[in-house]
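So the chains spell out like this:
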Amino acid sequence: MMVIFPDSAKMFDKKVCVLVDMDGVLCDFDAGFLQRFRQMHPDLPFIPLDERNSVYVEEQYMEMFGASVDARSIVEEKDFFLNLPKIEGALKGMLSLAGRDDVNLFICTSPLRKFENCVLEKYRWVSNNLGKKFTEKIILTRDKSVVNGHFLIDDKPDISQQGSQVARWKHLLFTTHHNRHVIPENGQIKLSGWNDPVLHTVIDEKVKEINSYDAVS
Ligand SMILES: Cc1cn([C@H]2C[C@H](O)[C@@H](COP(=O)(O)O)O2)c(=O)[nH]c1=O
Ligand SMILES: [Mg+2]
């Protein structure tokens, strides 16, 4: 499949810049973790996806098992990121954003500090699941507040409160297993998933706003 991104240089200031997180938005980190955990520890109890309640899976496993289970090593092992399953609707959702000539689309994701497997595998995951062209749109940063954009679609509830700067993007809180009961705050809008029509509605409103600046200047 061929994806052609409209020329971003020519119309940059008229486009809505949308940043899309990976873990919990494009790829199902929790489901990938659970699958691997059950393979490695078939006799141990586990946390079903609908009982996940912390952003970081290892925190909840630490509460359950203490130091007797090393959940972190699963996340850091080779091929963990590469094999993460896609979130339902992610490909279609990304293609619908990439196909809009009024949207400038980027993938904005935080690598593990132990980057050896994670960074390359994130690129490979994007290439394998979304297409090679999307790898040109990857922004890797552990501080998303320094990235400029109109919207950040991200599953981490307090992402706009983290980082070194006041975030300039509006946070669209993407619903996934661990945040399903979180009530949006700090001006967030919660998206129920990739099929939530609110996503394109808020982008349409931003397009109108951007064009209205032109009309008065
Ligand atoms: C859910 C979860 C994530 N991580 C790691 C994986 C990534 O490197 C970041 C999350 O990145 P995002 O861009 O904010 O989605 O954190 C983890 O170590 N443990 C987890 O449970
Ligand atoms: Mg995430």
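Source: prediction; values computed, not measured. (Residues numbered from 1 in each chain as written. Chains lettered and ligands numbered in written order. Predicted model: local features only at pLDDT ≥ 70, side-chain atom pairs only at ≥ 80, totals over all residues. Heavy atoms only, no water.)

### Brief notes about the sheet that holds strand S6 (residues 189-191)
Spatially, six strands are ordered S3-S2-S1-S4-S5-S6 in an open sheet, and the strand pairing comes out parallel. Lying at the two open borders of the sheet, with one neighbouring strand each, are strand S3 (138-140) and S6. Averaged over all adjacent pairs, the angle separating strand axes in this sheet is 25 degrees, with direction ignored. Note that strand S2 (residues 103-109) and S3 share three bridges and pair parallel. Each bridged residue has a counterpart across the sheet, and for Thr109 the counterpart in S3 is Leu140. (Pairing = 2+ DSSP bridges. Helix = DSSP H or I, 4+ residues; strand = E, 2+ residues; numbered from the N terminus. Axes fitted to C-alpha atoms, helices over the stretch in contact; angles between N-to-C directions.)

### What about the environment of His150?
Mapped onto the elements, His150 comes out in the loop between S3 and strand S4 (151-154). A sequence separation of 43 residues divides His150 from Gly193, and the C-alpha atoms of the two residues are 19 Å apart. Every residue in contact with His150, bar those within four places of it in the chain, is listed here: Lys15, Val16, Cys17, Trp169, Lys170, Lys206 and Ile210. Of note is the side chain of His150, whose polar atom sits 2.8 Å from the backbone nitrogen of Cys17. (Contact = heavy atoms within 4.5 Å. Polar contact = N/O pair within 3.5 Å; in protein donor to acceptor, adjacent residues only side chain to side chain.)

### Some remarks on the environment of His178
Mapped onto the fold, His178 is located in the loop between strand S5 (170-174) and S6. Since its relative accessible area comes to 8%, His178 is described here as buried. The spatial distance from the C-alpha of His178 to the C-alpha of Pro157 is 9.8 Å, given a sequence separation of 21 residues. Apart from the residues within four sequence positions on either side, His178 is in contact with Asp30, Arg52, Asn53, Ser54, Val55, Asp155 and Pro157. Within polar-contact distance, the side chain of His178 engages the side chain of Asp155 at 2.8 Å. (Buried < 20%, exposed > 50% of the residue type's maximum accessible area, 1.4 Å probe, protein only.)

### Some thoughts on the pairing of S4
Neither face of S4 is open: one carries Phe151 and Ile153, the other Leu152 and Asp154, and all of them are buried. Bridge count for strand S1 (residues 16-20) against S4 is three bridges, and the pairing is parallel. Each bridged residue has a counterpart across the sheet, and for Val18 the counterpart in S4 is Phe151. Here S4 pairs with S5 via four bridges, running parallel. Across the sheet, residue Phe151 finds its bridge partner in S5, namely Lys170.

### Considering the packing of aromatic side chains
Inspection of the entire model under this criterion finds nine aromatic pairs. Between the aromatic rings of Phe33 and Phe37, the centroid separation amounts to 6.0 Å while the plane-to-plane angle is 20 degrees, which identifies the pairing as stacked. One end of the pair is Phe33 and the other is Phe37, both in helix H2 (residues 29-40) and four residues apart, which spans about a single turn. An aromatic cluster is built from Phe33, Phe37, Tyr61 and Phe65, whose rings are joined through pairwise contacts. Across the ring face of Phe106, the terminal group of Lys137 is positioned such that the distance to the ring centre comes to 5.0 Å. (Phe/Tyr/Trp six-rings, centres within 6.5 Å; stacked < 30°, edge-to-face > 60°. Lys NZ or Arg CZ within 6 Å of the ring centre and 35° of its normal.)

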